Amino acid sequence: METDVQLKLPSEHADVLGVQSQGTKQADLFTKSFLKRTLPHSKNDPEELLLRKAVVLEYNKAKKVKTKRRKAKGLNARERREMKVFQIKPEHQKYSLFLPLHELWKQYIRDLCNGLTPESNPQMIQQKFLKADLHGAVLTVVRSKCPSYVGTAGILVQEMKHVFKIITKEDKLKVIPKRNSVFGVEIDGFVSHIYGSKFEMRSSERSAKKFKAKGTIDL
């Protein structure tokens, strides 16, 4: 733009217009004086204002393409049975292997009940037991409609909706139905009884269930 303004006027145009083309130096002086007169008064040099003039260019922001994430599909009940996910292998059915789990469970119950002392409230402890995770506890069948189950004791390794799976000291896996059975749990001198008929639910469901404080019909 500046070079176009300062170009020398052709002679044929100069004769028609009746003006005389000025030299480059004179044209430069004329341009500066013209800008100084026409532009608002400022401390900055007019040429610097022109050089610093911001030019806004068009910019199109690229649109993000939304991709649908596929949720991981879990195994259904039939596939879990075929893969034997919940079956304990015979070489793992040893009482000694689950003793560390039992020690962890005892510490878990002590923390849950804020310490078990002779001054502890038995009703409060019973309520804690109802919602506690029993994996690792030593269960004893106190009463049952099936006499062969009475006296069976071992560490609980799996709790299903309708059965308890325990490992006895003889390294045998016993499957005890919850219905029509009463189980005893002992820890630090406290003995709590569990009525299996009221426990026919998964442990995850039991933790959110509200138990009513009412008596239970004996076997």
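Preceding block: the structure.
A short tour of the structure in this document, coming up.

Concerning the overall build of the protein
Line of reasoning, step 1. The helix and strand tally for the protein stands at 8 helices and 6 strands.
Line of reasoning, step 2. Reading the helices (α) and strands (β) of the protein from amino to carboxyl end gives α-α-α-α-α-α-α-β-β-β-β-β-β-α.
Line of reasoning, step 3. The long-range fraction of contacts in the protein, counting pairs at least 24 apart against all pairs at least 6 apart in sequence, stands at 49%.
Line of reasoning, step 4. Here the protein displays about 17500 Å² of accessible surface, and carbon together with sulfur accounts for 55% of that area.

Here's the deal with the side chain of Q93
Line of reasoning, step 1. Of note, Q93 is situated in the loop between α5 (77-83) and α6 (99-112).
Line of reasoning, step 2. Sequence-distant contacts of Q93, that is, excluding residues within four places in its chain, are made with I88, I167, D171 and L173.

Regarding unusual backbone geometry
Line of reasoning, step 1. The backbone of D171 shows a phi angle near 60°, a positive value even though the residue is not glycine.
Line of reasoning, step 2. Tracing the backbone shows D171 in the loop between β3 (163-167) and β4 (173-177).
Line of reasoning, step 3. On the accessibility criterion, D171 (37% relative accessible area) is partly exposed.
Line of reasoning, step 4. Phi angles above zero are rare outside glycine, and N180 is one such case at about 65°.

Section: the environment of K198
Line of reasoning, step 1. Mapped onto the secondary structure, K198 falls in the loop between β6 (190-195) and α8 (203-206).
Line of reasoning, step 2. What makes K198 partly exposed here is its relative accessible area of 47%.
Line of reasoning, step 3. Residues K198 and R179 lie 19 residues apart in sequence; the distance between their C-alpha atoms is 8.0 Å.

Details of the sheet that holds strand β1 (residues 138-144)
Line of reasoning, step 1. With respect to topology, 6 strands assemble into an open sheet ordered β4-β3-β2-β1-β5-β6, the strand pairing being antiparallel. Each edge of the sheet is formed by a strand with only one pairing partner; in this case those strands are β4 and β6. The mean angle between the axes of side-by-side strands here comes to 45°, regardless of whether they run parallel or antiparallel.
Line of reasoning, step 2. With 3 bridges joining them, β1 and strand β2 (residues 153-159) adopt antiparallel strand pairing. Its bridge partner lying in β2, L139 is registered against G154.
Line of reasoning, step 3. Here helix α7 (residues 122-131) sits on the sheet and contacts β5 (181-187) and β6; the angle it forms with β6, its principal contact strand, is near 50°.

Rules used in this analysis
- Residues numbered from 1 in each chain as written.
- Predicted model: local features only at pLDDT ≥ 70, side-chain atom pairs only at ≥ 80, totals over all residues.
- Heavy atoms only, no water.
- Helix = DSSP H or I, 4+ residues; strand = E, 2+ residues; numbered from the N terminus.
- Contact = heavy atoms within 4.5 Å.
- Areas by Shrake-Rupley, 256 points an atom, 1.4 Å probe, with all protein chains shown as cover.
- Buried < 20%, exposed > 50% of the residue type's maximum accessible area, 1.4 Å probe, protein only.
- Pairing = 2+ DSSP bridges.
- Axes fitted to C-alpha atoms, helices over the stretch in contact; angles between N-to-C directions.

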